[in-house]
Structures are given as C-alpha cells and as structure tokens.
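Notes for the structure review
One letter stands for each residue in the lines below.
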Amino acid sequence: MLDLAAVNRMEPEAFVALLGGVFEHAPWIAEAACPHRPFATVGALHAAMMQAVRVAPAERRRAFLNNHPDLAGPEARARTLTSDSASEQGSAGLDRITADEAAAFDHLNAAYRARFGFPFIIAVRGRGRAEILVAFETRLTRDPAVEEATALEEVAQITRMRLDGLVSD
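Presented here is a report on the structure given in the accompanying data block. Nothing here was measured: the structure is a model prediction, and the numbers come from that model. (Residues numbered from 1 in each chain as written. Predicted model: local features only at pLDDT ≥ 70, side-chain atom pairs only at ≥ 80, totals over all residues. Heavy atoms only, no water.)

1. With respect to the packing of helix α4 (residues 42-55) against helix α10 (residues 144-164)
What counts, and what does not: Every axis in this analysis is a line fitted to C-alpha atoms, fitted for helices over the stretch in contact. Angles between the N-to-C directions lie between 0 and 180 degrees. Per the convention used, a helix needs a DSSP run of H or I reaching at least four residues, while a strand needs a run of E reaching at least two, with both numbered from the N terminus. Two helices crossing with the near one rotated counterclockwise from the far one by less than a right angle form a left-handed crossing, whereas a clockwise rotation gives a right-handed crossing. Whether two residues are in contact is decided by their heavy atoms: any pair within 4.5 Å suffices. Side-chain classes are defined by residue name, with Ala, Val, Leu, Ile, Met, Phe, Trp, Tyr, Cys and Pro counting as nonpolar, Asp, Glu, Lys and Arg as charged, and the others, Gly among them, as polar.
With their axes 10 Å apart at the nearest point, α4 and α10 run at an angle of 145° to one another. For α4 against α10, the interelement crossing comes out right-handed. Contact residues: α4 offers V42, G43, L45, H46, M50, V53 and R54, while α10 offers L152, E153, V155, A156, T159, R160, L163 and D164. Grouping the constituent residues of the contact of α4 with α10 by class yields eight nonpolar, three polar and four charged.

Below is the structure:
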C-alpha cells in the first residue's frame with residue numbers, strides 16, 4: 001500500500017498505472033483525476049475520480065457502466081473477471097452458486113440489461129446471495145434515471161473500497 005503523498009508525487013503514467021484499474025476497465029478516470037493533484041485525502045482523490053465519471057458525456061458514462069460484468073454471469077463462470085471483481089463476487093459467494101441460482105441470476109441479468117441498457121451493479125462485499133437477489137428484483141422496477149444514479153453510487157462504494165486497499169492517507 002502506498003501513502004497518498006507518494007501517489008501525489010508520481011509521474012502521470014505511474015499514477016494511471018497504479019489507479020487505472022480501480023474503476024472497471026476505465027483508466028481514463030485516473031487520467032482525468034491526475035491533473036487535480038495534490039489530493040489532501042484519499043477521499044478527495046476518490047471524489048475527483050467519481051467527478052470524472054459524473055461529468056463524462058452520457059455515451060462515455062454508459063460505456064463505462066457496460067464495462068462491468070454481470071453478477072454470477074458468463075465471465076464469472078469462465079473465470080475471466082478482473083481480480084478485483086472475482087474477489088468481490090467471491091466474497092458474496094457468487095462463485096459457488098447452484099444451477100438454480102445461476103439460472104435466476106442469468107434471468108435477472110438479462111431483464112436488467114433489457115430494461116436499463118447496462119448491467120446490474122451493486123457493491124456485493126458484505127452482502128449475501130439472497131440480499132443481492134432481492135436488491136436485483138427491487139431495482140428492476142425503478143425509473144431508468146434513478147437506476148443509473150443508483151448504479152453510479154454503487155460504483156462509488158466499490159471503487160472506494162478498492163482505492164482504500166491501494167492508498168492510505
């Protein structure tokens with residue numbers, strides 16, 4: 001783990017290399033935050049990264065959301081998730097589901113993508129499969145704009161946990 005002072009002093013390429021994977025397949029977010037250094041806290045660094053997502057054009061934000069894997073989906077079963085996603089999904093037991101649970105997740109993933117145009121995103125760490133399935137079903141009924149905002153808030157929770165694992169104040 002690096003301290004924030006060291007991160008603030010990094011060359012831009014090193015900064016992006018370190019933080020580019022915090023947001024799923026989106027090093028552009030670290031690139032956008034880099035010029036705003038120095039950051040006084042890890043929270044300020046995370047806020048700058050989230051701001052880059054929030055001010056991105058709608059198409060880029062949508063593409064970013066679509067870079068996230070389906071929960072317990074084909075990538076998880078093929079073991080091709082990023083190491084962070086694999087660890088997070090595994091912490092919720094999503095790597096050990098029954099055939100019936102896999103079918104339920106596949107159905108919900110497809111319904112969610114059809115309704116909102118991006119995958120269901122939830123911070124799974126500390127949650128069980130049953131809780132995740134209830135959230136999935138509940139969020140399927142929401143307004144699309146509300147659901148996109150919720151997905152971004154879940155991204156914020158996920159990425160803050162990831163960032164806290166890399167950088168300390």
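2. Brief notes about the pattern of salt bridges
The condition is simple: Any Lys or Arg side-chain nitrogen found within 4 Å of a carboxyl oxygen on Asp or Glu counts as a salt bridge.
Summed over all chains, the structure comprises 15 salt bridges. The partner of R113 in a salt bridge is D70, and the shortest N-O contact between them spans 3.1 Å. Note that R113 is positioned in helix α8 (residues 99-116) and D70 in the loop between α5 (58-66) and α6 (74-78), a separation of 43 residues in sequence. In this structure, a network of salt bridges that share partners links the residues E24, D84, E88 and R162.

3. What to know about the nonpolar core
Inside soluble globular proteins, nonpolar side chains tend to come together where they are buried. Defined as follows: Working definition of a nonpolar core: buried Ala, Val, Leu, Ile, Met, Phe, Trp, Tyr and Cys residues. They are joined through side-chain atoms within 4.5 Å. We call a residue buried when its accessible area falls under 20% of the maximum for its residue type, exposed when it is over 50%, and partly exposed in between, using a 1.4 Å probe and counting protein chains only.
Among the nonpolar cores identified, the biggest contains 51 residues, and F15, L19, F23, I29, F64 and I132 are the most heavily contacted of them. Counting residues per element, the ones that place at least two in this core are α1 (4-9), α2 (12-19), α3 (27-33), α4, α5, α8, α9 (129-139) and α10. Per-element tally for this core: the top contributor is α4, with seven residues. Residues in contact with L19, not counting those within four places in the same chain, are V7, A30, L45, M49, L163, L166 and V167.

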